[in-house]
Amino acid sequence: MASIKVHLEKCTGCTLCVKACAFGAIHMADRKAVIDMAKCTLCGACVAACKFSAIELEKAAGPKKDLTPYKDVWVFCEQKKGVIQSISYELLGEGRKLADKLGVKLCAVLLGHNMKEAAAKLGERGADKVYLADHPALKAYQDDPYTAVLVNLVEEYKPEAILCGATVIGRSLISRVAIKTNAGLTADCTGLDVDVKERLLLQTRPAFGGNIMATIIAPNHRPQMATVRHKVMKEAELQPGRLAEVVTKSYPEETYASRTRLLDMVEELSATMNISEADIIVAGGRGMGSKENFAQLEELAKVLGGAVGASRSAVDADWIPYSHQVGQTGKTVVPKLYIACGISGQIQHLIGMQSSKTIVAVNKDPDAPIFKVATYGIVGDVNEIVPALIKEFKRALNK
Ligand SMILES: Cc1cc2nc3c(=O)[nH]c(=O)nc-3n(C[C@H](O)[C@H](O)[C@H](O)COP(=O)(O)OP(=O)(O)OC[C@H]3O[C@@H](n4cnc5c(N)ncnc54)[C@H](O)[C@@H]3O)c2cc1C
């Protein structure tokens, strides 16, 4: 276990450490630094800031991992009902760039059942090699067998980096694999690059509620693992006829054992389309006022052939299911048109939609932050503007 202590005889009470601590874990008592261990994350920022070497961080020295055998960039390719999900192509596009910079192979990892043909096709999306585990127990995602197989693959082939979608499946899987392989993991990256000399994956993601962008490295651990949100990276272009070497792996039956059993998969029924795929999103927030008012957005979305999105407040109010939430803890969307109705535009919402091509904001408060990112702003009451938009679009689109 690591520990931190203040050498009181060296502490001058200068407060540099208090300012350096992003977690508010240090205060002064009798002009000496006091660390609140309930808040301290042992990040070491105070140690670096102290000019008097008054703070000491002792990290437990475990056996150092030999990083030299680790090579190649891997992409975990997600499949649902045998169909490769588009996030996999986005990661292959990004993975290709990283592998080329590092001068290593780009490898896809595919787990499923009867997926041989799909595995071979991953070459057309830039993979040089595909590790395929094909077994009935891997047909649909299950935590235990997927984790066991991926851990086996990592231990045998030792990739230097693994990219995975920040999806429900990806988040569940990769955190388990990171723990079991003692790897570094950065969640929800929005940018990736490599330091070729140090062979480090530079993982950029929003931190502190999206107010800063942090670039995170894992210098002492391999593989370096990152999850990336859907629609943040561009899909790898299709290169028809490009071939990949497929390495098919099978494991003893106990590897596929699971403590859970998949009974059924139930699709959420929605009158409009999935927000991740939509070109037009009509989103609503607390300003819609009620569940009944919120339902008007369905009508506007239908007229425009789009999907309905929501702020977290609207989801928390139970006006719409969580799968429609846009933002830091929801989905990232990049539609051609995003119409935000009664949404204030807090940073946690903006993170999920600010790359939309055209943003139209409707808000009664002219100073609402959403107007700072909006292409067009309508200052007014959603109860008047939304019905007017429905009427006008119906007329213009002959609906
Ligand atoms: C860790 C964390 C993660 C989070 N993740 C997310 C996330 O993923 N997505 C997300 O959205 N939020 C997220 N939040 C919450 C976020 O901080 C905001 O609280 C939330 O986005 C606010 O939702 P809102 O804009 O609907 O509500 P409010 O901020 O209450 O804004 C309502 C707006 O409606 C306007 N309004 C009111 N009445 C009318 C009317 N009649 N006509 C027109 N305008 C009207 C008001 O002027 C106001 O601007 C997160 C917060 C935290 C701390």
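Residues numbered from 1 in each chain as written. Predicted model: local features only at pLDDT ≥ 70, side-chain atom pairs only at ≥ 80, totals over all residues.

Peer 1: Describe the overall build of the protein, and please don't skip the residues or the numbers.
Peer 2: In terms of helices and strands, the protein carries 11 helices and 21 strands. Viewed in the frame of its principal axes, the protein has a C-alpha envelope of about 75 × 65 × 40 Å. When burial is assessed residue by residue, the protein has 39% of its 399 residues classed as buried. The long-range share in the protein, meaning contacts at least 24 apart out of those at least 6 apart in sequence, stands at 64%. (Helix = DSSP H or I, 4+ residues; strand = E, 2+ residues; numbered from the N terminus. Buried ≥ 20, exposed ≤ 12 C-beta atoms within 10 Å, placed from the backbone. Contact = placed C-beta atoms within 7 Å.)

Peer 1: Describe the sheet that holds strand S12 (residues 191–195), and please don't skip the residues or the numbers.
Peer 2: The strand order across the open sheet formed by 3 strands is S12-S13-S14, and the pairing between neighbours is antiparallel. Edge positions in the open sheet fall to S12 and strand S14 (212–216), since each of these has one partner strand only. Put simply, the sheet's adjacent strands are angled 25 degrees from each other on average, direction ignored. (Pairing = 2+ DSSP bridges. Axes fitted to C-alpha atoms, helices over the stretch in contact; angles between N-to-C directions.)

Peer 1: Quick one: what's the story with the site of the ligand, residue by residue and with numbers?
Peer 2: Neighbouring the ligand are 29 residues; Gly285, Gly287, Arg312, Gly327 and Ser344 lie closest to it. Secondary-structure elements contributing two or more residues to the shell around the ligand are helix H8 (312–316), helix H9 (347–350), strand S20 (358–363) and helix H11 (382–396). The greatest single-element share of the shell around the ligand, amounting to 3 residues, is contributed by H8. Looking at the shell around the ligand residue by residue, the classes come out as 6 nonpolar, 18 polar and 5 charged. (Near = placed C-beta within 6 Å. Nonpolar A, V, L, I, M, F, W, Y, C, P; charged D, E, K, R; others polar.)

Peer 1: Quick one: what's the story with the sheet that holds strand S11 (residues 184–189), residue by residue and with numbers?
Peer 2: The 7 strands are arranged S11-S15-S10-S5-S8-S9-S16 in an open sheet whose pairing can be described as parallel. Every other strand in the sheet has two partners, leaving S11 and strand S16 (245–249) as the edge strands with one partner each. When strand polarity is set aside, the average angle formed by the axes of neighbouring strands in this sheet is 20 degrees. Sheet analysis places strand S5 (residues 73–77) next to strand S8 (residues 106–112), joined by 5 bridges and oriented parallel. Looking across to S8, one finds that Val73 is bridged to Leu106. Packed on one face of the sheet, helix H5 (residues 143–157) meets S8, strand S9 (129–134) and S16 and runs near 150 degrees to S8.

Peer 1: For the nonpolar core, give the residues involved together with the corresponding values.
Peer 2: By size, the foremost hydrophobic cluster in this structure holds 57 residues, and its most contacted members are Val75, Ala108, Val109, Leu110 and Val130. Not counting residues up to four positions away in its chain, the partners in contact with Ala108 are Val75, Cys77, Leu92, Leu122, Ala127 and Val130. Ala310, Ala340, Cys341 and Ile351 belong to the second-largest nonpolar core, a separate cluster that totals 39 residues. (Core = buried A, V, L, I, M, F, W, Y, C linked by C-beta atoms within 7 Å.)

Peer 1: I'd like a rundown of helix H6 (residues 168–181), residues and numbers included.
Peer 2: With 14 residues, H6 extends 21 Å between its outermost C-alpha atoms, agreeing within 8% with the 20 Å of an ideal straight helix rising 1.5 Å per residue. Those residues of H6 that sit buried are Ile169, Gly170, Leu173, Ile174, Val177 and Ala178. Around the axis of H6, the buried residues are gathered within 135 degrees of arc, so they sit on the same side. Those residues of H6 that are exposed and aimed more than 90 degrees away from the buried face are Val168 and Ile179. Close packing links the buried residues of H6 with S5, H5, strand S10 (161–165), S11 and strand S15 (224–228). (Expected span 1.5 Å × (residues − 1). Arc of directions from axis to C-beta.)

Peer 1: Requested: an account of the pairing of S15, with residues and values cited.
Peer 2: Regular strands place side chains that alternate from one sheet face to the opposite one. With 5 of 5 residues buried, S15 lies mostly within the body of the structure. The alternating pattern of S15 places Gln224, Ala226 and Val228 on one face and Met225 and Thr227 on the opposite face, and all of these are buried. For S10 and S15, the ladder comprises 5 bridges, and the chain directions are parallel. Of the residues in S15, the one forming a bridge with Gly165 is Val228. Bridge analysis of S11 against S15 gives 4 bridges, and the strand direction is parallel. Looking at the pairing, Gly184 lines up with Gln224 of S15.

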